[in-house]
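Architecture at a glance
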Amino acid sequence: MSDIELTVVPHQTQGGLPYQHLHAYIANETGVITPADLKTLTVPDTLVWSQGVVIEGRLPLWASGYLVHACHTAAWVATFDPRLGNDVRHSGGAVVVATHSPQVATGDVLLVTIPHDVL
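Presented here is a report on the structure given in the accompanying data block. Within each chain, residues carry numbers counting from 1 in the order of the written sequence. Owing to the predicted nature of the model, reporting of local features is limited to residues with pLDDT of at least 70; listing and counting of side-chain atom pairs is limited to 80 or more, with chain, interface and lining totals taken over all residues. Note that the side-chain values use all heavy atoms of the structure and ignore hydrogens as well as water.

So, about the overall build of the chain. Only runs of H or I of at least four residues qualify as helices and only runs of E of at least two qualify as strands under DSSP, and these elements are numbered from the N terminus. Within the chain, the regular secondary structure consists of one helix and six strands. Start at the N end of the chain and walk to the C end: the helices and strands fall as β-β-β-α-β-β-β. Values of the radius of gyration come from C-alpha atoms, whereas the globule rule sets the reference at 2.2 Å times the count of residues to the power 0.38. Against the globule reference of 14 Å for 119 residues, the chain gives a C-alpha radius of gyration of 14 Å, in line with a compact fold. Along the longest, intermediate and shortest principal axes, the C-alpha atoms of the chain span 35 × 30 × 25 Å. Counting all 119 residues of the chain, 42% fall into the buried class. The contact rule is simple, with two residues in contact once any of their heavy atoms fall within 4.5 Å. Excluding contacts between residues fewer than 6 apart, the proportion of contacts in the chain whose partners are at least 24 apart in sequence is 55%. Carbon and sulfur atoms form 55% of the exposed surface of the chain, whose accessible area is close to 6,700 Å². Here the term buried applies to any residue with accessible area under 20% of the maximum for its type, exposed to any over 50%, and partly exposed to those in between, with areas from a 1.4 Å probe on protein chains only. Each accessible area is a Shrake-Rupley estimate made with a 1.4 Å probe; only the visible protein chains count as cover when residues are assessed.

Given below as structure tokens:
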């Protein structure tokens, strides 16, 4: 079992585009993970691959990179950056880093709020 917990919440951008919000949480006492934790990490089978995925949570860059790769079959994949949001509490920008969809382009910033289910 991995020290990284993943939660999927169906959600939509502030513009109304549906997506899957993938929240990552380091679930150990130290708050530290190692690359070996990736060996037991799998994305939840509840992800809807015909929609986009926004990856959010405090993780090392290498762990976020792993999740981007693990989600590459989704319509699009974005990573959450709270610095790119607006004045709405728990909001930020989801930067599209990969896409197979005409709905979004790589480099697009989608305004999102973190779902209450993962706060």
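We are not done yet, so read on.
Let's shift gears to the nonpolar core. What is meant by a nonpolar core is a set of buried Ala, Val, Leu, Ile, Met, Phe, Trp, Tyr and Cys residues, joined one to another through side-chain atoms within 4.5 Å. If you look at the biggest cluster of nonpolar residues, it comprises 19 residues, and the most contacted ones within it are Ile4, Leu6, Leu22, Val53, Ile55, Leu59 and Leu67. Where this core is concerned, the elements lending two or more residues are strand 1 (4-12), strand 2 (18-26), strand 3 (52-56) and helix 1 (61-70).

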